[in-house]
Amino acid sequence: MNLHYARLVEIAEENGIRIGTIVVGGAKKKVALDLLTDVACGDRLLICDGVAISRVAEPIARENDHVSGDTG
């Protein structure tokens, strides 16, 4: 399991699925947003293996850009 904090920069829909473009460590990546009902561009999100699982308060996200996880 890989957990990361990232900033949401774009929201779109692909094949009926809400997809967000996030920026993490300077790289852009697409993630599924279907678990979150109320997100907007600029929000900081907690990402787990390509799925946004939570919106995060700004002070917490600034302290930790990466959350350790079980890689196995």
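Not measured: the values here are computed from a predicted model.

Colleague: Mind showing me how you'd approach the overall build of the protein chain here?
Modeller: Of the regular secondary structure elements, the protein chain holds one helix and six strands. Along the protein chain, helices (α) and strands (β) appear in the sequence β-β-β-β-β-α-β when read from the amino end. Among the 72 residues that make up the protein chain, the fraction classed as buried is 31%. Considering only residue pairs separated by 6 or more positions, the protein chain has 38% of its internal contacts joining residues 24 or more positions apart. Split by element, the accessible area of the protein chain, about 4,600 Å² in all, is 50% carbon and sulfur.

Colleague: Would you mind going over the confidence of the model for the protein chain with me for this structure?
Modeller: Model confidence for the protein chain is summarised by a mean pLDDT of 84, while 81% of its residues fall at 70 or above. At the level of individual helices and strands, the protein chain shows its lowest average pLDDT in strand S6 (residues 66-67), which scores 53, and its highest in strand S3 (residues 27-32), which scores 95.

Colleague: What's the story with the nonpolar core in this structure? I'm lost.
Modeller: The nonpolar side chains of a soluble globular protein tend to be buried, and buried together. By size, the foremost hydrophobic cluster in this structure holds 10 residues: Ala6, Leu8, Ile22, Val31, Leu33, Leu36, Val39, Leu45, Ile47 and Ala52. For this core, the elements supplying multiple residues, two or more each, are strand S1 (3-14) and strand S4 (44-48). Not counting the four nearest positions on each side in its chain, Ala6 is found in contact with Ile22, Val23, Val24, Asp43, Arg44, Leu45 and Ile47. Among the nonpolar cores identified, the runner-up in size contains five residues, and Leu3, Tyr5, Leu46 and Val56 belong to it.

Colleague: Looking at this structure, how should I read the environment of Gly20?
Modeller: One can find Gly20 in strand S2 (residues 17-24). Gly20 sits in the buried class, given a relative accessible area of 0%. Taking the C-alpha atoms as reference, Gly20 lies 9.6 Å from Asp34; in sequence the two are 14 residues apart.

Colleague: Any chance you could explain the pairing of S3 here in plain terms?
Modeller: Two faces, one strand: in a regular strand the side chains alternate between the faces of the sheet. Where S2 lies against S3, six bridges are found, and the strand directions are antiparallel. Among the inter-strand pairings, Thr21 is bridged to a residue of S3, identified as Lys30. Linking two consecutive strands that pair antiparallel, namely S2 and S3, is a turn of two residues; a positive phi of about 60 degrees is found at Gly25 within it.

Conventions we followed
- Residues numbered from 1 in each chain as written.
- Predicted model: local features only at pLDDT ≥ 70, side-chain atom pairs only at ≥ 80, totals over all residues.
- Heavy atoms only, no water.
- Helix = DSSP H or I, 4+ residues; strand = E, 2+ residues; numbered from the N terminus.
- Buried < 20%, exposed > 50% of the residue type's maximum accessible area, 1.4 Å probe, protein only.
- Contact = heavy atoms within 4.5 Å.
- Areas by Shrake-Rupley, 256 points an atom, 1.4 Å probe, with all protein chains shown as cover.
- pLDDT = per-residue confidence, 0-100.
- Core = buried A, V, L, I, M, F, W, Y, C linked by side-chain atoms within 4.5 Å.
- Pairing = 2+ DSSP bridges.

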